[in-house]
Amino acid sequence: SRPVYREQISRGNAAAVLLYDPKEDLVVLVEQLRIGCIADKTIHSPWLLELVAGLVYPGEQAAETAIREAEEEAGVKLSELIPVCEYYNTPGALTEKTSIYCALVDASTLGGVFGLEEEDENIQVHVLPFDAIFAQLVKNQFLTSASTVIALQWLRLNRESIKKNKLDK
């Protein structure tokens, strides 16, 4: 074929983590303003419920990012991550790849407002029953990011194994 010129946006990579309490069957999602949604007049609000997530810093591994972001955005210290998947967000233009993890937590102590002051973050932590939030996802009743959809679907497929502590890591 003839030479083709394309635009490539180099953004770096991201990591996201689904916080899950298998004992109480609760998921922890964070709500924050998403600038990319402000111009969309078809949605109710640019505040989205999502996974804890952030950009991978230079020299940092995606798992380290997930652990750092969990503490910054939800006030929880993680020690172990279960790899879920990696995917390219928009491979037609972006270089960004997201690594998704799941972390098992005790959600009884979670909640509140978090985020880094120097990043002007106002992040509300929500602790939600899995069945309720998954039903909303299936019925298209809340707008979220691709990583959240992927993680909740993964949890739906692996939840019983996690509860029985039989998930192959």
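We now turn to the structure provided with this report.

Scoring rules and cut-offs
- Residues numbered from 1 in each chain as written.
- Predicted model: local features only at pLDDT ≥ 70, side-chain atom pairs only at ≥ 80, totals over all residues.
- Heavy atoms only, no water.
- Helix = DSSP H or I, 4+ residues; strand = E, 2+ residues; numbered from the N terminus.
- Buried < 20%, exposed > 50% of the residue type's maximum accessible area, 1.4 Å probe, protein only.
- Pairing = 2+ DSSP bridges.
- Salt bridge = Lys/Arg side-chain N within 4 Å of Asp/Glu carboxyl O.
- Arc of directions from axis to C-beta.
- Contact = heavy atoms within 4.5 Å.
- Patch = residues over 30% accessible without salt bridge, like charges linked within 9 Å, V, L, I, M, F, W, Y side chains within 5 Å.
- Areas by Shrake-Rupley, 256 points an atom, 1.4 Å probe, with all protein chains shown as cover.
- Lys, Arg positive; Asp, Glu negative; His and termini not counted.
- Charge placed at Lys NZ, Arg CZ, Asp CG, Glu CD.

Looking now at the environment of Glu160. Looking at the secondary structure, you find Glu160 in helix α3 (residues 146-163). Using a relative accessible area of 44% as the deciding quantity, one classes Glu160 as partly exposed. Residues Glu160 and Pro22, 138 residues apart in the sequence, show an inter-C-alpha distance of 8.9 Å.

All right, on to the pairing of strand β6 (residues 97-104) then. Among the eight residues that make up β6, six are buried, leaving the element largely enclosed by the rest of the structure. Sheet topology places strand β1 (residues 14-21) next to β6; seven bridges connect them, and they run parallel. The partner of Tyr20 across the bridge, within β6, is Leu104. Relative to β6, strand β5 (residues 82-88) runs antiparallel, the two being bridged by six bridges. What sits directly across from Tyr88, in β6, is Lys97.

Here the focus is the pattern of salt bridges. Considering all chains together, one arrives at eleven salt bridges under this definition. A salt bridge links Arg34 to Glu50, with the nearest nitrogen and oxygen atoms 2.8 Å apart. Of this pair, Arg34 sits in the loop between β2 (26-33) and β3 (47-50) while Glu50 sits in strand β3, and the two are 16 residues apart along the sequence. Put simply, Glu60 and Arg68 hold a salt bridge, and the shortest N to O gap is 2.9 Å. Judged by relative accessible area, Arg68 falls into the buried class, the value being 16%. Ionic contacts of the salt-bridge type, sharing partners, join the residues Asp25, Asp131, Arg159, Glu160 and Lys163 into one network.

Okay, helix α2 (residues 130-138) next. Taken residue by residue, α2 has Phe130, Ile133, Phe134 and Leu137 as its buried positions. End-on, the buried residues of α2 take up no more than an arc of 100°, which puts them together on one face. Each element contacted by the buried residues of α2 is listed here: β2, β3, β8 (123-129) and α3. One or two residues past the end of α2 sits Asn140, with phi positive at roughly 55°.

To continue, consider the environment of Ala63. Checked against the element boundaries, Ala63 lands in helix α1 (residues 62-74). By relative accessible area, Ala63 is classed as partly exposed at 26%. A sequence separation of 61 residues divides Ala63 from Gln124, and the C-alpha atoms of the two residues are 22 Å apart. For Ala63, the residues in contact, after removing those within four places along its chain, are Leu81 and Tyr101.

Attention now goes to a negative patch on the surface. Judged by side-chain charge, Glu117, Glu118, Glu119 and Asp120 come together as a negatively charged surface patch. Mapped onto the fold, Glu117 is located in the loop between β7 (112-114) and β8.

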